[in-house]
Amino acid sequence: GLLEYEHAEPEPADCFHVTVTFDELGPTRTRVTLCMRAASAAGKARLVKFGAVEGGVETLTRLGEVLARRGA
């Protein structure tokens, strides 16, 4: 599966595109990949400084925990 969206910010230079892919690896395993693409190198630097990489990891970790509780 695929999920794509634009993350709009008050400043256009801080907007970024997000792509999340879901690849089925087996009946009970799915690989989730999150990719954020900034409009410029400066925008990427701001995302990294803000902690977007760590935030993405945290979000996917919490998703895994929720799914584990549901028995998914």
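Structure report, in brief.

About the cut-offs
- Going along each chain's sequence as written, the residues are numbered from 1 onward.
- Local features in this predicted model are restricted to residues whose pLDDT is 70 or higher, and side-chain atom pairs enter the listing and the counts only when it is 80 or higher, whereas totals over whole chains, interfaces and linings include all residues.
- Hydrogens and water are ignored here; the side-chain numbers use all heavy atoms of the structure.
- Helix and strand definitions follow DSSP, with helices as H or I runs of at least four residues and strands as E runs of at least two, each counted in order from the N terminus.
- Accessibility here uses a 1.4 Å probe with only protein chains present; expressed as a share of the type maximum, an area under 20% marks a residue as buried, one over 50% as exposed, and anything in between as partly exposed.
- Pairing of N or O atoms within 3.5 Å defines a polar contact, subject to two protein rules: one partner must be a possible hydrogen donor and the other a possible acceptor, and residues neighboring in sequence count only if both atoms are side-chain atoms.
- The contact criterion used throughout is that any non-hydrogen atoms of two residues lie within 4.5 Å.
- For patch building, the residue pool is restricted to those with more than 30% relative accessible area and no salt bridge; the joining distance is 9 Å between like charges and 5 Å between nonpolar side chains (Val, Leu, Ile, Met, Phe, Trp, Tyr).
- Every accessible area reported is derived by Shrake-Rupley at a probe size of 1.4 Å, with residue values counting cover from the shown protein chains alone.
- Between Lys or Arg on one side and Asp or Glu on the other, a salt bridge is scored when a side-chain nitrogen of the former is within 4 Å of a carboxyl oxygen of the latter.
- Think of a 1 Å grid over just the protein atoms. A cavity is a set of points where a 1.4 Å probe fits yet cannot get out, a pocket is an open set with protein on both sides within 12 Å along at least five of seven lines, and lining residues have an atom within 4 Å of a point.
- Grid points are joined across faces, edges and corners, and a volume is the space filled by probe spheres set on the points.

### What to know about the side chain of H17
So, step 1. Tracing the backbone shows H17 in strand 2 (residues 16–26).
So, step 2. Among the residues examined, H17 registers a relative accessible area of 13% and is labelled buried.
So, step 3. Of the polar contacts made by the side chain of H17, one reaches the side chain of E4; its length is 3.1 Å.
So, step 4. Here E6 takes part through its side chain, which lies 2.4 Å from a polar atom of the side chain of H17.
So, step 5. Once residues lying within four places of it in the same chain are set aside, the contact partners of H17 are E4, Y5, E6, C35, M36 and R37.

### Description of a nonpolar patch on the surface
So, step 1. Nonpolar side chains collect at one region of the surface, where L3, Y5, F22, L63 and L67 lie side by side and expose about 390 Å² of accessible area between them.
So, step 2. Among the secondary structure elements, those contributing two or more residues to the nonpolar patch are strand 1 (2–7) and helix 2 (52–70).
So, step 3. Residue classification places F22 among the partly exposed residues on the basis of a relative accessible area of 31%.

### Quick look at the layout of surface pockets
So, step 1. Computed from the structure, the largest pocket encloses a volume of approximately 470 Å³.
So, step 2. Lining the largest pocket we find 22 residues, and of these Y5, H7, F16, V18 and M36 sit closest to its centre.
So, step 3. At the level of elements, strand 1, strand 2, strand 3 (29–38), helix 1 (41–50) and helix 2 are the ones that each hand at least two residues to the lining of the largest pocket.
So, step 4. If you tally residues by element for the lining of the largest pocket, the top one is helix 2, at six residues.

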